[in-house]
Amino acid sequence: MKGIVFTELLELVEEKFGLEMVDSIINESELQSEGIYTSVGTYNFSEMLALLTNLSKNTGISIDDLLLVYAEHFFGVIEKSYPGFLAQYHDPIEMLSCIENHIHVEVRKIYPDAELPTFTIEEKTESTLTMVYKSSRAMYSFGRGLMNKTFEHFNSTATIVLEKLKEDGTEVRFSITKNE
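Residues numbered from 1 in each chain as written. Predicted model: local features only at pLDDT ≥ 70, side-chain atom pairs only at ≥ 80, totals over all residues. Heavy atoms only, no water.

Asks: Just to check I follow, could you spell out helix α2 (residues 19–29) for this structure?
Replies: Given 3.6 residues to a turn, an α-helix orients residues that are three or four positions apart in the same direction. Within α2, burial applies to Met21, Val22, Ile25, Ile26 and Ser29. On an axial view of α2, the arc spanned by its buried residues comes to 130 degrees, and they lie on one face. Exposed and facing more than 90 degrees away from the buried side of α2 are Glu20 and Asn27. Check the buried side of α2 and you find it contacts α1 (3–17) and α3 (45–59). Within two residues after α2, Glu30 carries a phi angle of roughly 50 degrees, on the positive side. (Buried < 20%, exposed > 50% of the residue type's maximum accessible area, 1.4 Å probe, protein only. Helix = DSSP H or I, 4+ residues; strand = E, 2+ residues; numbered from the N terminus. Arc of directions from axis to C-beta. Contact = heavy atoms within 4.5 Å.)

Put into structure tokens, the structure is as follows:
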């Protein structure tokens, strides 16, 4: 997993819960990296899971809810770092339908060894999108948070319904309807 995902998580934890919480979750997680991350480095996903698990334990907030908030924070990083990229799109449905064949292609140019989830489009209209998320990491709540912020970016809202196709969350169907 790319280091920027770790550095931004720890920044968010510090912002929301304080530096003591950052120290606590790093110390409790027994990390191979010892919690020392660079944005361009690559780290084991088990470290992210350990950090999230300990943050959840210390805050009483579910991992899914933490991932949702974290994704919303991370979208802000994307907006700030890659404004031209977002400017290519004029509609949230259009942008989300391009995740697999355009957005992830661009991400791989920046981070060639990034391990990204896959998104398969099942149905798309002007105001709806149904797609299936697949990832061994089961971070579908992170994806949902990015989707929420995508609609917000376009001054729009949507109803996003998720259906776990596999109980462990490694395969999830998102049914998205743009609110008019």
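So that's the structure; there's more coming.
Asks: Quick question: what am I supposed to make of the side chain of Asp91 here?
Replies: Summarising the element assignment, Asp91 is placed in the loop between α5 (83–86) and α6 (92–97). Reaching out from Asp91, the side chain makes a polar contact with the backbone nitrogen of Ile93 at a distance of 2.9 Å. Of note is the side chain of Asp91, whose polar atom sits 3.1 Å from the backbone nitrogen of Glu94. Aside from chain neighbours lying at most four places away, what touches Asp91 is Glu126, Phe154 and Lys178. (Polar contact = N/O pair within 3.5 Å; in protein donor to acceptor, adjacent residues only side chain to side chain.)

Asks: I'm lost on the sheet that holds strand β1 (residues 118–124) in this one. Help?
Replies: Adjacent strands of a sheet pair through backbone hydrogen bonds, lying either parallel or antiparallel. The strand order across the open sheet built from 4 strands is β1-β2-β4-β3, with neighbouring strands paired in antiparallel fashion. At either margin of the open sheet sits one strand with a lone partner, and together these are β1 and β3 (158–164). Geometrically, the sheet is characterised by an average inter-axis angle of 20 degrees between neighbouring strands, direction not taken into account. Across 7 bridges, the pairing between β3 and strand β4 (residues 171–178) is antiparallel. Its bridge partner being in β4, Lys164 is matched across the sheet by Val172. (Pairing = 2+ DSSP bridges. Axes fitted to C-alpha atoms, helices over the stretch in contact; angles between N-to-C directions.)

Asks: In this structure, what is going on with the packing of aromatic side chains? I would like to understand it.
Replies: Ring pairs (aromatic) are described by centroid distance and by the angle formed between their planes. Taken as a whole and assessed by the stated rule, the structure comprises 9 aromatic pairs. Ring centres 4.5 Å apart and planes at 20 degrees place the aromatic pair Phe6 and Tyr37 in the stacked group. Of the two residues, Phe6 sits in helix α1 while Tyr37 sits in the loop between α2 and α3, which places them 31 residues apart along the sequence. Taking the relative accessible area as the measure of exposure, Phe6 reaches 0% and is therefore buried. A relative accessible area of 11% means that Tyr37 is categorised as buried. A network of ring pairs unites the aromatic residues Phe6, Tyr37 and Tyr43 as a single cluster. (Phe/Tyr/Trp six-rings, centres within 6.5 Å; stacked < 30°, edge-to-face > 60°.)

Asks: What is the right way to look at the pairing of strand β2 (residues 128–134) in this model?
Replies: Of all 7 residues in β2, 5 are buried; the element is thus mostly enclosed. Sheet topology note: the β1/β2 ladder contains 6 bridges and is antiparallel. Each residue of the ladder has a partner; that of Thr118, found in β2, is Lys134. In textbook terms, the turn of a hairpin is the stretch between consecutive antiparallel strands, and for β1 and β2 this stretch comprises 3 residues. When β2 meets β4, the two strands line up antiparallel, connected through 7 bridges. From the neighbouring strand, Lys134 faces β4, where its bridge partner is Glu171.

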